[in-house]
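# Topology and contacts: notes
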Amino acid sequence: MTGPALGPRQLYRSRIGTIGKEIMRRKLGFGLIAATSAFALAACGSASGGATETDDPTDGTAATGGSGDINTDPIQIGVPAGWDEGVAVSALWAAILEDKGYTVELADAEIGLIFADLASDESYDLLFDGWLPQTHKEYIDKYGADLDDLGVWYDNAALSVAVNNDAPITSLAELADNADAFNNRIVGIDPGAGLTQAMENEVIPTYGLEDMDFVTSSTASMLAELKGAMQAGDNIVVTLWHPHWAYSAYDIRDLEDPEGTLGTAEEIHTFARKTFADDYPQVAEWISNFTFADEDLASLENDIVEAGDPQAGVQQWLEDNPDFPASVTPASE
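Residues numbered from 1 in each chain as written. Predicted model: local features only at pLDDT ≥ 70, side-chain atom pairs only at ≥ 80, totals over all residues. Heavy atoms only, no water.

Across its full length, the chain holds 11 helices and 9 strands. Counting all 333 residues of the chain, 52% fall into the buried class. Summarising the internal contacts of the chain: among those between residues at least 6 apart in sequence, 78% fall at separations of at least 24. When the accessible area of the chain is evaluated, it comes to approximately 13,600 Å², of which 45% is carbon and sulfur surface. (Helix = DSSP H or I, 4+ residues; strand = E, 2+ residues; numbered from the N terminus. Buried < 20%, exposed > 50% of the residue type's maximum accessible area, 1.4 Å probe, protein only. Contact = heavy atoms within 4.5 Å. Areas by Shrake-Rupley, 256 points an atom, 1.4 Å probe, with all protein chains shown as cover.)

With that out of the way, let us pick up the packing of helix α1 (residues 84-99) against helix α9 (residues 294-307). Between α1 and α9, the shortest axis-to-axis distance is 10 Å and the interhelical angle comes to 90°. Regarding the angle of α1 to α9, the classification is roughly perpendicular. Between α1 and α9, the residues in contact are Asp84, Glu85, Ala88, Val89 and Leu92 and Leu297, Leu300, Glu301 and Ile304, respectively. (Axes fitted to C-alpha atoms, helices over the stretch in contact; angles between N-to-C directions. Parallel < 35°, antiparallel > 145°, perpendicular 65-115°, else oblique.)

What follows concerns the pairing of strand β7 (residues 237-242). With 5 of 6 residues buried, β7 lies mostly within the body of the structure. As paired strands, strand β4 (residues 147-164) and β7 are joined by 6 bridges and run antiparallel to one another. Bridge pairing in β7 places Ala158 opposite His242. (Pairing = 2+ DSSP bridges.)

Of the residues making up helix α10 (residues 310-320), those classed as buried are Pro310, Gln311, Gly313, Val314, Trp317 and Leu318. What you see down the axis of α10 is that its buried residues fit within an arc of 160°, all on one side. Structurally, α10 contributes buried residues whose contacts are with α1, α9 and α11 (324-328). Its side-chain oxygen at 3.3 Å from the backbone nitrogen of Gln311, Asp309 defines the N-terminal cap of α10. (Arc of directions from axis to C-beta. Polar contact = N/O pair within 3.5 Å; in protein donor to acceptor, adjacent residues only side chain to side chain.)

Time to look at a negative patch on the surface. Taken together, the side chains of Asp155, Glu267, Asp294 and Glu295 make up a negatively charged region of the molecular surface. Along the chain, Glu295 turns up in helix α9. Classification of Glu295 by relative accessible area gives exposed; the value is 56%. (Patch = residues over 30% accessible without salt bridge, like charges linked within 9 Å, V, L, I, M, F, W, Y side chains within 5 Å. Salt bridge = Lys/Arg side-chain N within 4 Å of Asp/Glu carboxyl O. Lys, Arg positive; Asp, Glu negative; His and termini not counted. Charge placed at Lys NZ, Arg CZ, Asp CG, Glu CD.)

The next thing to look at is unusual backbone geometry. Excluding glycine, residues mostly carry a negative phi; peptide bonds, for their part, are mostly trans. The peptide bond linking Leu132 to Pro133 adopts the cis configuration, its omega dihedral lying at 15°. Note on placement: Pro133 falls in the loop between β3 (126-132) and α3 (137-143). Cis geometry is adopted by the peptide bond preceding Pro243, which originates at His242 and carries an omega value of 5°. One non-glycine residue with positive phi stands out, namely Asn183, at about 60°. When you line up the elements, Asn183 lands in the loop between β4 and β5 (185-187). Positive phi, normally seen in glycine, also occurs at Asn184, with a value near 60°. Summarising the element assignment, Asn184 is placed in the loop between β4 and β5. For Asn184, a relative accessible area of 28% translates into the label partly exposed.

Attention now moves to the nonpolar core. Counting 81 residues, the largest nonpolar core has Trp93 and Phe292 as the members making the most contacts within it. The element best represented in this core is α1, accounting for 10 residues. Contacts of Phe292, omitting those with residues within four sequence positions, involve Val89, Leu92, Trp153, Tyr154, Leu297, Leu300, Trp317 and Phe324. Ile111, Ile114, Phe115 and Leu147 belong to the second largest nonpolar core, which has 15 residues in total. (Core = buried A, V, L, I, M, F, W, Y, C linked by side-chain atoms within 4.5 Å.)

Bringing the packing of aromatic side chains into the picture now. Here the structure, examined in full by the defined rule, presents 17 aromatic pairs. Taken together, the aromatic side chains of Trp93, Phe128, Trp153, Tyr154, Phe290, Phe292, Trp317 and Phe324 make up a single cluster linked through ring pairs. (Phe/Tyr/Trp six-rings, centres within 6.5 Å; stacked < 30°, edge-to-face > 60°.)

Structural data, given as structure tokens:
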């Protein structure tokens with residue numbers, strides 16, 4: 001299979017922990033700064049994953065939790081640009097795995113490129129943000145045979161179209177007739193997102209919204225417009241999804257979707273390159289058994305938002321939830 005035009009691997013390496021100066025106050029991890037240094041918590045050191053199994057901190061190596069994984073290559077996690085839950089959970093697992101002695105690299109990229117890269121075994125090892133059965137169906141149809149589905153970690157994900165709470169409509173069915181109230185614009189996210197495809201293929205034609213300007217750019221741009229409209233007291237329509245911190249940050253609500261064009265609640269899966277479990281069997285087992293409750297995900301995202309930086313937010317969350325790492329990385333029997 002021919003790999004995607006990703007360019008040199010270094011072009012897509014980025015460290016989530018370095019983005020604080022670049023992000024807006026109320027977003028998680030958009031526009032990650034490219035870097036080649038490994039993401040690490042201060043307590044984790046810089047050991048590679050699992051070359052030896054020892055708890056002796058003086059010998060320069062780190063234990064792998066008794067995993068038996070001997071692959072010392074960095075684990076590269078593809079982080080979908082602008083998908084906050086993916087940013088949060090990727091940063092969380094990076095911290096957990098680094099603490100187990102693995103080297104982890106986080107790479108920010110468009111979701112379609114991550115799927116293609118995983119399937120071609122080019123650079124990435126993991127993706128924590130695969131939405132099924134609808135949002136990323138196109139990518140699974142295309143690449144699924146060359147991916148390993150490590151399981152569902154969240155089962156209440158949903159796409160949405162949101163408006164300010166005092167907007168004059170309650171349903172997508174009313175939007176076309178009230179387009180002027182919203183400056184004839186729908187503000188979307190990145191063009192390659194499954195949510196954008198759902199808008200273009202289902203929502204817009206079903207509700208006769210072809211005459212409205214559907215603006216796509218990035219999640220960061222959408223959130224900037226949302227913030228500006230809310231501060232100015234203007235009406236706005238944006239594409240959004242659950243879970244997302246914007247629902248607690250702004251006075252917004254979803255428009256009803258009587259025709260079901262955005263589908264029902266979905267599951268979020270972790271996908272890996274086909275041979276990942278062969279190279280990292282213990283990590284694959286841990287991730288396969290990982291689930292995240294609504295309240296845990298919400299508190300993690302909120303900590304990251306408040307910290308203004310994913311690494312700092314994850315550190316705070318782990319301090320508040322000290323038993324969580326052991327619960328998702330039990331020792332092998």
